[in-house]
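The chain contents come next:
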Amino acid sequence: MEKLIKILSGIVEGAFEKCGYERNFGNVTISNRPELCQFQCNGALPASKKYKKPPMQIAGEVLEILKDNHIFNDISLAGPGFININIKDSFIVDYLNDMSKDRKYGCPESSNPMTVIVDYGGANVAKELHVGHLRSANIGEALKRLLEAVGYKTISDVHLGDWGLQIGMIISELRRRTPELPYFDDNYKGDYPTKAPFTIDQLEEIYPAASFLAKSNVEAMEEARMATFELQNGRRGYIALWKHITNVSIEDLKKNYSDLNVEFDLWMGESDSEKYIDEMVNYLKENNHCYESKGALVIDVAKETDTYTIPPIIILKSDGAILYSTTDLATIWQRVHDYRPDQIIYVVDKRQALHFEQVFRCAKKTGIINENLSLDFLGFGTMNGKDGKPFKTREGGVMRLQDLIRLVQDSVVSKLDRNKAYSESEIYDIARKVGLSALKYGDLSNQATKDYIFDIEKFSSFEGNTGPYILYTIVRIKSILRKAMEGKVNNIDKINEPYSQTERELMLKLSRFNEAVEFTFLEKAPNKLCEYIYDLSNIFNRFYHENKIISEENLKKKSSWLSLISLTKNILETALDLLGIEVPDRM
Ligand code: ARG
């Protein structure tokens, strides 16, 4: 469906044109004085400069044409030449009734849908999923759902960190602990066991121990580097161990991400780029894109216009080892080859901005991508604790995501109304959904690029701009609808003209759902959708407190109200779904 504001703009633009002025002066916006009017057009002011006529005269001519249009209820001149617009209730209501019937509640599909790879998640194999990965998962998932909502084809990839030093650390630690395993025996020619020599719990103990040792002991670090190098060069036993490590980890990660309501099409990782590295390096060498510097293979990516230093990107280290930049470049190589995307969006911690700037410049400069592919970095800020430092456990360690989820769920459950009888399974369902809403909405309602403070009390509160407040609003509507069904009022399919100003405001807000989705999509800013959701919830709650829906005796009114709140519920649920948030039936 065409956006309401666009329909209005079209009409006013037509009037400007009819009067001999340029169309675009007729652009209509939401009124910034809602007590005076619903919409406004200020185009007569800039037009007066261009046509050297008083703005009031221009606005007056335009108004003369608009006066007869059946959409407007009241249209008038104000101030130095503004046009104030109020539209007829019947028009809003028709628009809402059309929205109710539309599968996507009025959200249009893009006329030029693209194929976009969304690279988010970014978990590292063998390391626990921790709060640092939460934002990537939340924002990336929301972005993917938004792109799909406007008709784009998306391919989501978790892009695991599965090829780096942490694997070498684990392998050398295993070698210290269990040197007798066949993986370390160069003369072993048979098949390796199919079962991993460790469980996820053991792995979670082995990695921090290995990492601690490597960081405090030069020899251990050297061993880890060597093991990484040998792994990347295909040493049989190490490849077999690496497969065990990734399999055990991925199984656990899949569960973790699914607890967050986050799903990936591809479970690929840095290691999947390995087979393209030789081909890519040859290409770079043959086309003289790189040169040798202190034994390493590098490419300059700085530009004269740079205002800060962008160092050359290192493709291979002097010992031939690959780096994070190498795998990211080779991954682009592979993605172009396999998926022909129009865009790749990386949702990663903003502290990696320089890395991506280097990678993107290099990919463009060397022709790894052509100008039709756009590479975009969506860098997010840090989730901090109340002390303003990155969120930690009480003991000062990195908080595991699972622990954080449990903490939020407990906080939510403690706020539930104990007078309601919840069954065991219902409590579980509520804790999961409401807890997740607290966590996700608390995160997504902040501008992605900014740091924010994770305040568990605030995020899990049932009041204010929080996930639980929004869910509570929807649950309230569900409860009214349930009661109405019991009372056998079930012709809830048509909305009538509003009976009050609050109701009219609710209607206008609902009519702007497609606008909110489009804006959020264009800005890649889920916080904009949160703003819409919060405003809509507030207006609905005002409407709810002003009216007694269930006991309303005028059946026509009651049925219209039920239709209206049912649409409100559907829109709120659809919007939350775009953010990856689910709604319980009761809470
Ligand atoms: N594994 C990385 C980390 O934990 C994030 C990966 C982001 N994606 C990418 N293509 N580099 O920092």
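Everything quoted here is computed from the prediction, not taken from an experiment. (Residues numbered from 1 in each chain as written. Predicted model: local features only at pLDDT ≥ 70, side-chain atom pairs only at ≥ 80, totals over all residues. Heavy atoms only, no water.)

Draft legend 1. View of the nonpolar core. Ranked by size, the top nonpolar core spans 188 residues in total, and within it Ile87 and Leu404 carry the most contacts. It is helix H20 (residues 555-578) that contributes the most residues to this core, ten residues altogether. Not counting the four nearest positions on each side in its chain, Ile87 is found in contact with Leu4, Leu8, Gln38, Phe39, Ile71, Phe72, Asn73, Ile92 and Leu508. (Core = buried A, V, L, I, M, F, W, Y, C linked by side-chain atoms within 4.5 Å. Buried < 20%, exposed > 50% of the residue type's maximum accessible area, 1.4 Å probe, protein only. Helix = DSSP H or I, 4+ residues; strand = E, 2+ residues; numbered from the N terminus. Contact = heavy atoms within 4.5 Å.)

Draft legend 2. Examining the sheet that holds strand S2 (residues 39-41) more closely. Ordered in space as S1-S2-S4-S3, the four strands form an open sheet in which the pairing is antiparallel. Only two strands of the sheet have a single partner each, and these edge strands are strand S1 (29-30) and strand S3 (72-78). (Pairing = 2+ DSSP bridges.)

Draft legend 3. Looking closely at the packing of aromatic side chains. For the structure shown, the criterion picks out 27 aromatic pairs. Ring geometry for Phe356 against Phe377: centres 5.0 Å apart, planes inclined by 20 degrees, an arrangement best described as stacked. A residue pair is termed long-range when its members are at least 10 positions apart, and Phe356 in helix H12 (residues 353-365) and Phe377 in strand S11 (residues 374-380) qualify at 21 residues. Given the relative accessible area of 2%, Phe356 is considered buried. Ring centres 5.0 Å apart and planes at 80 degrees place the aromatic pair Phe391 and Phe454 in the edge-to-face group. One end of the pair, Phe391, is in the loop between strand S12 (383-384) and helix H13 (401-413); the other, Phe454, is in the loop between strand S13 (452-453) and helix H15 (456-459), and 63 residues separate them in sequence. Each member of the aromatic cluster is reached from another via a ring pair, and the members are Tyr499, Phe540, Phe543, Tyr544 and Trp561. (Phe/Tyr/Trp six-rings, centres within 6.5 Å; stacked < 30°, edge-to-face > 60°.)

Draft legend 4. Seen up close, the pairing of strand S8 (residues 296-299). Across the two faces of S8 the burial is the same, with Ala296 and Val298 and Leu297 and Ile299 all buried. Bridge count for strand S7 (residues 291-293) against S8 is three bridges, and the pairing is antiparallel. Bridged to Ser293 within S8 is Ala296. The antiparallel hairpin formed by S7 and S8 contains two residues in its connecting segment, where Lys294 sits at a positive phi of about 50 degrees. Sheet topology places S8 next to strand S9 (residues 313-316); three bridges connect them, and they run antiparallel. Considered in S9, the bridge of Val298 is made with Ile314.

Purely geometric stuff here, so don't read any function into it on its own.
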